[in-house]
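Here are the chains, one letter per residue:
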Amino acid sequence: MKTVRDLAALREAVGGARREARRVGFIPTMGALHDGHLSLVRRAKSECGFVVVSIFVNPLQFAAGEDFDRYPRRLEVDAAVLESAGADLLYAPVPANFYPPGFSTSVDVADVSDGGEGAARPGHFRGVATVVAKLFLQVGPDAAYFGRKDLQQTAVIRRMVRDLDFPLRVVIAETVREADGLAMSSRNVYLSGEQRTRAAALSRALFHARDRAAAGQTDPRALEDETRRELEAAGLSVDYVEAIEAGSMARADRASPGIALAAAVRVGKTRLLDNVVLEERKTP
Ligand code: PAF
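Here's a quick rundown of the structure.

Parameters at a glance
- Residues numbered from 1 in each chain as written.
- Predicted model: local features only at pLDDT ≥ 70, side-chain atom pairs only at ≥ 80, totals over all residues.
- Heavy atoms only, no water.
- Helix = DSSP H or I, 4+ residues; strand = E, 2+ residues; numbered from the N terminus.
- Expected span 1.5 Å × (residues − 1).
- Buried < 20%, exposed > 50% of the residue type's maximum accessible area, 1.4 Å probe, protein only.
- Contact = heavy atoms within 4.5 Å.
- Axes fitted to C-alpha atoms, helices over the stretch in contact; angles between N-to-C directions.
- Left-handed = near helix turned anticlockwise from the far one by under 90°.
- Nonpolar A, V, L, I, M, F, W, Y, C, P; charged D, E, K, R; others polar.
- Pairing = 2+ DSSP bridges.
- Core = buried A, V, L, I, M, F, W, Y, C linked by side-chain atoms within 4.5 Å.
- Salt bridge = Lys/Arg side-chain N within 4 Å of Asp/Glu carboxyl O.
- Parallel < 35°, antiparallel > 145°, perpendicular 65-115°, else oblique.

**So, helix H8 (residues 193–214)**
- Taking 1.5 Å as the rise per residue, H8 with 22 residues should run 32 Å; its terminal C-alpha atoms sit 33 Å apart, in good agreement.
- For H8, every residue scored as buried is listed here: Gln195, Ala199, Ala200, Ala201, Leu202, Ser203, Ala205, Leu206, Ala209, Ala213 and Ala214.
- Buried residues along H8 sit in contact with helix H9 (220–233), strand E9 (260–267) and strand E10 (270–277).

Shown next, in the form of structure tokens:
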């Protein structure tokens with residue numbers, strides 16, 4: 001696996017793959033890679049001949065006072081695990097070159113960006129959409145891979161790709177979880193031992209809600225309230241619990257199969273996200 005740090009070298013490497021008629025799969029990341037990222041790499045590798053992974057901690061998507069400065073950065077370790085997962089090219093742009101002085105363009109995906117994370121973190125999805133649009137233009141992939149854990153991010157990117165006619169396929173892969181259900185996230189490293197134990201209540205409460213919906217609870221507000229109470233009882237501070245229609249991010253008016261229940265909680269200073277998709281009622 002080759003590592004490149006600038007656009008000219010990226011274009012040369014991707015151009016080489018194109019000349020060999022290899023399809024290009026792309027996974028944008030901010031590094032601190034875990035098995036969730038690596039499963040995206042393996043999926044991309046099984047569908048595309050050439051897999052590009054970017055690592056760039058994007059300042060535009062962090063507000064003042066968030067964890068931009070302490071976000072884990074470990075390029076060498078990440079490069080080694082990417083190589084073993086089968087990635088062909090690591091693109092790790094130098095921040096000062098990526099956003100040149102005077103950079104003033106942004107991509108705003110209205111509507112899907114507004115609720116949930118967008119309301120809790122104003123400007124976050126503008127930063128995400130801007131960096132992902134720029135990376136898509138730089139890499140020029142045939143397919144781009146994202147994890148379902150960041151549900152609203154996937155909705156924002158899908159909408160942007162549709163609205164701006166990016167010529168690529170967006171692939172959303174299932175959330176990869178630890179043995180106790182906690183969704184894998186680069187931010188899990190912030191958790192102390194006690195917080196890590198408490199954090200497992202997030203997926204547990206969402207799974208319980210999914211079971212209640214499958215058993216006949218169709219009122220989305222009741223499902224949200226019950227889940228919020230369970231999270232609070234487990235000592236988690238709840239930012240939101242929302243039953244939403246995953247494509248539009250609109251609040252659901254019925255807790256029916258296909259509706260997502262998404263939650264954000266705080267464990268100490270760490271913010272964790274997760275969601276489940278409601279399923280058909282189980283037949284005994
Ligand atoms: O999900 C992430 O890690 C980031 O939001 C992304 C998509 C790499 C953009 O910086």
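**Here we look at the packing of helix H2 (residues 35–47) against helix H3 (residues 75–85)**
- It is the contact of H2 with H3, at a shortest axis distance of 9 Å, that shows an interaxial angle of 35°. Remark: the crossing between H2 and H3 carries right-handed chirality. Each of Leu38, Val41 and Arg42 in H2 lies in contact with H3, whose residues at this interface are Val81, Leu82 and Ala85.
- A breakdown of the residues in the contact of H2 with H3 according to their chemical character gives 5 nonpolar, no polar and 1 charged.

**As for the sheet that holds E10**
- Within the open sheet, the 4 strands sit side by side as E8-E7-E9-E10. Their pairing is antiparallel. A single partner strand is all that each edge strand has here, and the edge strands are strand E8 (250–251) and E10.
- Note that strand E7 (residues 237–245) and E8 share 2 bridges and pair antiparallel. What sits directly across from Ile244, in E8, is Arg251.
- Of the strands in this sheet, E9 and E10 are in contact with H8, which crosses E10 at around 25°.
- Across the sheet, H9 touches E7, E8 and E9, and the angle it forms with E7 is around 155°.

**As for the nonpolar core**
- Membership of the largest hydrophobic core comes to 42 residues, with the highest contact counts inside it found for Val52, Phe136 and Met160.
- Element by element, the count of residues in this core is highest for helix H6 (residues 124–139), at 9 residues.
- Among residues more than four places away in sequence, those in contact with Val52 are Leu10, Val14, Val24, Gly25, Phe26, Ile27, Leu89, Tyr91 and Val139.
- Leu191, Ala213, Val276 and Leu278 belong to the second largest nonpolar core, which has 25 residues in total.

**Some thoughts on the pairing of strand E5 (residues 143–147)**
- Burial analysis of E5 places 4 of its 5 residues in the buried class, which makes it a mostly covered element.
- With 2 bridges connecting them, strand E2 (residues 24–29) and E5 associate as parallel partners. Across the sheet, Gly25 pairs through a bridge with Ala143, a residue of E5.
- Here 5 bridges tie E5 to strand E6 (residues 169–173), and the two strands are oriented parallel to one another. Bridged to Phe146 within E6 is Ile172.

**Some points on the pattern of salt bridges**
- Under the counting rule described, the total for this entry stands at 26 salt bridges.
- Across the pair Arg266 and Asp239 runs a salt bridge, and its minimum N-O distance is 3.1 Å. In this pair, Arg266 is assigned in strand E9 and Asp239 in strand E7, connecting sequence segments 27 residues apart.
- In this structure Asp239 comes out as partly exposed when scored by relative accessible area, which is 26%.
- Salt bridges here are not isolated pairs; linked through shared partners, they connect Glu20, Arg22, Lys45 and Asp88.

**As for the packing of helix H1 (residues 7–19) against H6**
- Where H1 contacts H6, the two axes come as close as 9 Å, and the packing angle between them is 50°. Considering their axes alone, H1 and H6 lie oblique with respect to each other. Of the residues in H6, those touching H1 at Leu7, Leu10, Arg11 and Val14 are Leu137, Gln138 and Val139.
- For the contact of H1 with H6, a count of residues per class yields 5 nonpolar, 1 polar and 1 charged.

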